[in-house]
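Chain residues, written in single-letter form:
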Amino acid sequence: MLVAAAVCPCPPLLVPDVAAGAAFEMDAARAACTDALGVLAAARPDRLMVVGPAEQSGRGPHPEGARGSFRGFGVDLDVRLGRDRAAVPERSLPPSLAVAAWLLERTGWSDAPIEGLGVGEPLAAERCIEVGRDIVAQAERVALLVMGDASACRTLKAPGYLDERAAPFDAEVARALGAADVAALKALDAELAYELKVSGRAPWQVLAGAAEGADLGGALLYEDAPYGVGYVVATWS
């Protein structure tokens, strides 16, 4: 059963070492993420599943202790998913899960065992929902940390340039995540999300599947687009 969820953005710029001189621009987002992880800890889960977007090489499960790195972003910084040091899997965490691992290390997470799951952007909504259902069947009290960004087309300087459909799409995503609206997340337009370069669509629909019947309430902690990319932080509990 899903007892709590936190939704956070996953840009490597969330990590101050990566953002360097511009680190202050993400301070509000970092603070909101810290608050969101506090909600997960307060729920006292038996298991924490971290879900985030991933390219082909980063998909599938990542066990506790899996390593991630920000060396590809010019920073000599490595992270691990959780505290298990017994086994060191060869496969690296995708960037979204590396950001999650950094957040968890930063807040000193030690409340439950962790596993990571990278999901691909093309994964159909129906399959995402099935994955969510499977996740919550694994333990009596499951929490989710769901990583993903909204559109990358909010401004002229955004990675995807300006698209007038981006702002209303992101507004609906923020509303649905803040209201724990499972039906609205299930109904997200996958094709439009792809066109708007949304990385969070599949992870959010995994959350929707996991939350079926859980009757959780939502809270929107942060919503902004500092680099023309929509970032949302929300909690479900």
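Basis of the calculations
Residues numbered from 1 in each chain as written. Predicted model: local features only at pLDDT ≥ 70, side-chain atom pairs only at ≥ 80, totals over all residues. Heavy atoms only, no water. Helix = DSSP H or I, 4+ residues; strand = E, 2+ residues; numbered from the N terminus. Rg over C-alpha atoms; globule rule 2.2 N^0.38 Å. Buried < 20%, exposed > 50% of the residue type's maximum accessible area, 1.4 Å probe, protein only. Contact = heavy atoms within 4.5 Å. Areas by Shrake-Rupley, 256 points an atom, 1.4 Å probe, with all protein chains shown as cover. Lys, Arg positive; Asp, Glu negative; His and termini not counted. Charge placed at Lys NZ, Arg CZ, Asp CG, Glu CD. Salt bridge = Lys/Arg side-chain N within 4 Å of Asp/Glu carboxyl O. Phe/Tyr/Trp six-rings, centres within 6.5 Å; stacked < 30°, edge-to-face > 60°. Expected span 1.5 Å × (residues − 1). Arc of directions from axis to C-beta. Axes fitted to C-alpha atoms, helices over the stretch in contact; angles between N-to-C directions. Parallel < 35°, antiparallel > 145°, perpendicular 65-115°, else oblique. Left-handed = near helix turned anticlockwise from the far one by under 90°. Nonpolar A, V, L, I, M, F, W, Y, C, P; charged D, E, K, R; others polar.

Q: Could you give an account of the overall build of the chain, with specific residues and numbers?
A: What the chain contains, in helices and strands, is 8 helices and 9 strands. A compact globule built from 237 residues should have a C-alpha radius of gyration of about 18 Å, and the chain, at 16 Å, falls within 12% of that. Expressed as lengths along the three principal axes of its C-alpha atoms, the size of the chain is roughly 50 × 45 × 30 Å. Here the chain, with 237 residues, has 54% of them falling under the buried criterion. Pairs at least 24 apart in sequence give 74% of the contacts found in the chain among residues at least 6 apart. Entry remark: accessible area of the chain is about 10000 Å², with carbon and sulfur atoms responsible for 52%. Within the chain, the 32 negative side-chain charges are centred at a point lying 4 Å from the centre of the 21 positive side-chain charges.

Q: Give me the pattern of salt bridges: which residues, what numbers.
A: For the structure shown, the criterion picks out 13 salt bridges. Where Arg30 meets Asp27, a salt bridge forms, and the shortest distance between an N and an O atom there is 2.8 Å. One end of the pair, Arg30, and the other, Asp27, are both in helix 2 (residues 27-42), 3 residues apart, so they sit about a helical turn from each other. Its relative accessible area of 3% is what places Arg30 among the buried residues. Using a relative accessible area of 43% as the deciding quantity, one classes Asp27 as partly exposed. Through salt bridges with shared partners, a single network forms among Arg71, Asp76 and Asp78.

Q: An account of the side chain of Asp170 is requested, with residue identities and associated values reported.
A: By the secondary structure assignment, Asp170 is in helix 5 (residues 166-179). With near-sequence residues (within four places) excluded, Asp170 lies in contact with Ala150, Ser151, Arg154 and Gly230.

Q: I'd like a description of the packing of aromatic side chains, backed by residues and values.
A: The relation between two aromatic rings is expressed through the spacing of the ring centres and the mutual angle of the planes. Applying the stated criterion across every chain, the model contains 1 aromatic pair. Summarising the aromatic geometry, the rings of Phe70 and Phe73 are spaced 6.5 Å apart at their centres and angled 45° between planes, so their arrangement reads as tilted. On the accessibility criterion, Phe70 (0% relative accessible area) is buried.

Q: Please set out helix 2 residue by residue, giving values where relevant.
A: For helix 2, built from 16 residues, the straight-helix expectation of 22 Å at 1.5 Å per residue is met to within 8% by its first-to-last C-alpha distance of 23 Å. All of the buried residues in helix 2 are Ala29, Arg30, Ala32, Cys33, Ala36, Leu37 and Leu40. Along the axis of helix 2, the buried residues cluster in a sector spanning 160°; they form a single face. Two residues or fewer after helix 2 comes Arg44, characterised by a positive phi angle close to 55°.

Q: Go over helix 5, please, and point to the residues and values.
A: The end-to-end C-alpha separation of helix 5 is 20 Å, in line with the 20 Å expected for 14 residues at 1.5 Å each. Where helix 5 is concerned, the buried positions are Ala166, Phe169, Asp170, Val173, Ala174, Ala176, Leu177 and Gly178. Buried positions along helix 5 lie against strand 1 (2-8), helix 6 (182-186), helix 7 (190-195), helix 8 (201-210), strand 8 (218-224) and strand 9 (231-236). Directly after helix 5, the chain includes Ala180, whose backbone phi takes a positive value near 55°.

Q: Give me the lowdown on the packing of helix 4 (residues 125-136) against helix 8, citing residues and values where you can.
A: Close contact between helix 4 and helix 8 brings their axes to 6 Å; oriented N to C, the two are set at 50°. Relative to helix 8, the element helix 4 lies oblique. Note on packing geometry: the crossing formed by helix 4 with helix 8 is right-handed. Residues Ala125, Cys128, Ile129, Val131, Gly132, Arg133, Ile135 and Val136 of helix 4 lie in contact with helix 8, whose contacting residues are Arg201, Ala202, Gln205, Val206, Gly209 and Ala210.

Q: Got a sec to walk through the packing of helix 2 against helix 3 (residues 95-106)? Specific residues and values, please.
A: As a packed pair, helix 2 and helix 3 sit with axes 10 Å apart at the nearest point and diverge in direction by 70°. The angle between the axes of helix 2 and helix 3 places the two elements in the roughly perpendicular class. Residues Arg30, Cys33, Thr34 and Leu37 of helix 2 touch helix 3, and the partners they reach there are Trp102, Leu103, Leu104 and Arg106. Tallied by class, residues from the contact of helix 2 with helix 3 come to 5 nonpolar, 1 polar and 2 charged.

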